[in-house]
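Okay, here's what each chain looks like letter by letter:
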Amino acid sequence: MAIITLTTDFGEKDHFVGAIKGAIYTELEDVKIVDISHAISPFNVSEAAYIIQNAYASFPKGSIHVIGIDSELNAENKHIAVKLDDHYFICANNGIMSMICNEIAPQKIVEINIHDKLDTNFPVLDVFVRVACHIARGGTLEVIGKVITHIKPIKNLIPFVNDDQSQIIGSIIYIDNYGNVITNIRKKFFEQIQKGRSFEISARNYKFKIIYKRYSDIVNFEIPEEQRQDEGRGLVVFNSSNYLEIAIYKSDLATVGSASSLMGLQMRDTVTVNFFK
Amino acid sequence: MAIITLTTDFGEKDHFVGAIKGAIYTELEDVKIVDISHAISPFNVSEAAYIIQNAYASFPKGSIHVIGIDSELNAENKHIAVKLDDHYFICANNGIMSMICNEIAPQKIVEINIHDKLDTNFPVLDVFVRVACHIARGGTLEVIGKVITHIKPIKNLIPFVNDDQSQIIGSIIYIDNYGNVITNIRKKFFEQIQKGRSFEISARNYKFKIIYKRYSDIVNFEIPEEQRQDEGRGLVVFNSSNYLEIAIYKSDLATVGSASSLMGLQMRDTVTVNFFK
Amino acid sequence: MAIITLTTDFGEKDHFVGAIKGAIYTELEDVKIVDISHAISPFNVSEAAYIIQNAYASFPKGSIHVIGIDSELNAENKHIAVKLDDHYFICANNGIMSMICNEIAPQKIVEINIHDKLDTNFPVLDVFVRVACHIARGGTLEVIGKVITHIKPIKNLIPFVNDDQSQIIGSIIYIDNYGNVITNIRKKFFEQIQKGRSFEISARNYKFKIIYKRYSDIVNFEIPEEQRQDEGRGLVVFNSSNYLEIAIYKSDLATVGSASSLMGLQMRDTVTVNFFK
């Protein structure tokens, strides 16, 4: 049975997501529809790119991923369908796919050209759903678009490394539900530059010299529980997606606060790693 | 396979929606349950009416729509099941159905009368789910209620037109996830009054003389991208549901702001259209 | 077909929930995945315990409930799988199960021990999903863990009763989507202590002498609707889960306010019942 996932900035309240699901079920009876996220910040292509990159690979090969972010068709914003890692992605050509494509070469990209039949201001419903159902029925990408070879890039995707490789200058690309801040520095990239050297990570006036494996590695379990003061302490981990993340142990915006709120760290802020000889 | 949709003001946190889904799966193994929205403002019948009207028609004929808004049974708030456009709707008789019924005549309305067996303060779980499963199994409406011919109306549904048809006085009936404000002026109604005349739309001290087809029609793509200043500009469109909508190009409450926040437009505020000879 | 439910504090935005669903569908084609809640306050074990207790019983026997709250494995936070009331629960041994287990004796508890093969900082994806799919395929608990007999308790679960049984001192354990505040005083417990006596319920400086059956029982329907002033009035009910709840009639945080906001009632605040001779 085909799987179609949905990632949008439509929010949880409006009728858009419901209407899309209804349209899919009207075309296909046997299909699984899975919500990845509808809470992307409006028009935020970077957030969408981070979320889809980290969600898609858990799904079975052949899954179809509809991404409805900034998808209004115009002279500069074409619609594309991409086959990559044996998954299908349908979205606007606005940078969303560049984070994934930077890691894994796409198998095929087409620019969708079924719009001459469709005059719409709800393209996810009227265009993306049709393309998704076409693929779910076993249709090929060439039928719904013309092959292209390049997609629009996203800015600031790759951290900067200085000439003598003593410094990585990264930036914050995502803030998660716990207020943890996630940088564009991936574990593999970090280790390639690090080459075993010791280091110091700086974000505003906060400094860290250890990267933990788990959040609770900050806790000394030999101290009795009622005497510990770990909740609310800052730490750095490589998160489950292997990105360098600045976190607060057991963060909660409503109580102890979060890395973002306590350290004043925002999207696009700089995070620097200095390596020592 | 039957489709049951859910539209409620239960929110995303509490156990209510999960419990309802569990109850449906306990009665029916082969059913698709689809969330339309659980983020309706509490007890807000107008919002629910707008959302269900714009979502239901995408679903296959025969779909069953459970609407859990202000559904506690009392002397003035009876439960109804409505067949309309070959869809089924189950809700309280509190105005929710009047927006749809105003466009399309219902095929049948029954006042649900299975409550004598059920003493409950969770009627969506204990009453609506049973009615939905009864319909899903092919049962008729007459078995679970007595036929009635009128439903409770909703106020301020239809905009006012003055005697010489030079003015439409509409109102804001919904504010969407992007903060765009949606009026009760539908495209067909607008064009019937307009008869090709030029016009000016007023909302507070904001005036608009053009209704765009797409949000990005406001952009002049001949100007280089880095010199454009369109993000945050106000515009008017007929939205994908064909309602007159005042929008901000690429609105985001957290950054550029929205039509609602920037222009100070709220639910029930007046939007006027003046036509010129 | 197996049913797997999900209750987490992952929120609606991040990729975590989507990734989990993808992983389940990769292991099992024929399964229903149902979201109970992803909006638990971060690390809030009491909220999760309340929600899972009130949602699970609506599902068919044999359903598998994955609870992803504070689930990082460490010396003090082991993973368990519990069979209770012919349902399966997979979670950390951090108190979540103690609210349910306090009502119904578990049929079996195992401490999960498949971690030696898995080094992970996303245990819900890497451990809980595997255990859930193992159970869905008919596997036994003994294969994935060793039997234990005790689970970690949660604090302040049971209200305090004074020696002469003239007073119950309860506390607020949950605040729902309407801002209604829910205490740890259950109807059956209340009636056992009450023994038919009259009573007064106190929360801060608010007093109540009646427990209604339904929210709208506060309304006098003989007064014409436009003269009534019931919206925004406080009242006490046993809610649909049979917990004592302080509510506001037709509460809405954005308009009339809620019990929590208007009366200043917060999680863990005390609610007292005094009985009279």
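This is a predicted model, so every value here is computed, not measured.

Topic: the domain arrangement of chain A
Residues and elements named next belong to chain A. Split by domain assignment, chain A resolves into domain 1 (2–148) and domain 2 (160–276). Between the C-alpha centres of domain 1 and domain 2 there is a distance of 32 Å. Tallying the contact residues gives 8 residues for domain 1 and 8 residues for domain 2. When domain 1 packs against domain 2, the two sides together hide about 700 Å² of surface, and 57% of this comes from carbon and sulfur. Put simply, domain 1 and domain 2 have 1 salt bridge between them. Between glutamate 103 and arginine 186 there is a salt bridge whose closest N-O contact spans 3.1 Å. Here domain 1 and domain 2 share 4 residue pairs in polar contact (both at pLDDT 80 or more) between them. Among the elements that make up the side of domain 1 that touches domain 2, the one with the highest residue count is helix H2 (residues 45–56) (5 residues). For the side of domain 1 that touches domain 2, the residue count by class is 3 nonpolar, 3 polar and 2 charged.

Describing the relation of the copies chain B and chain C
Put simply, the second copy of the chain is the first one after a rotation about an axis and a shift along it. For the pair chain B and chain C, the best superposition has an RMSD of 0.1 Å and corresponds to a rotation of 120 degrees with a translation of 0.0 Å parallel to the axis. Taken together, the turn and the small shift mark the pair as related by a three-fold rotation axis. Measuring from the rotation axis to each C-alpha of chain B, the shortest distance belongs to Glu12(B), at 5.0 Å. When the interface residues of chain B are mapped onto chain C, a mere 6% of them again fall at the interface, so the copies present different faces.

Some remarks on the nonpolar core
Nonpolar side chains in soluble globular proteins tend to end up buried together. Judged by nonpolar contacts, the single largest core of 69 residues is most densely connected at Ile4(B), Ile20(B), Ile24(B), Ile90(B), Val131(B), Phe89(C) and Met97(C). For this core, the element with the highest residue contribution is helix H4 (residues 123–136) of chain B, accounting for 9 residues. Aside from chain neighbours lying at most four places away, what touches Ile20(B) is Leu6(B), Phe10(B), Phe122(B), Val124(B), Leu125(B) and Val129(B).

What counts, and at which threshold
Residues numbered from 1 in each chain as written. Chains lettered and ligands numbered in written order. Predicted model: local features only at pLDDT ≥ 70, side-chain atom pairs only at ≥ 80, totals over all residues. Heavy atoms only, no water. Domains from an automatic or database assignment. Contact = heavy atoms within 4.5 Å. Buried area = accessible area lost by both parts, 1.4 Å probe. Salt bridge = Lys/Arg side-chain N within 4 Å of Asp/Glu carboxyl O. Polar contact = N/O pair within 3.5 Å; in protein donor to acceptor, adjacent residues only side chain to side chain. Helix = DSSP H or I, 4+ residues; strand = E, 2+ residues; numbered from the N terminus. Nonpolar A, V, L, I, M, F, W, Y, C, P; charged D, E, K, R; others polar. Least-squares fit on C-alpha atoms with pLDDT ≥ 70 in both. Core = buried A, V, L, I, M, F, W, Y, C linked by side-chain atoms within 4.5 Å. Buried < 20%, exposed > 50% of the residue type's maximum accessible area, 1.4 Å probe, protein only.

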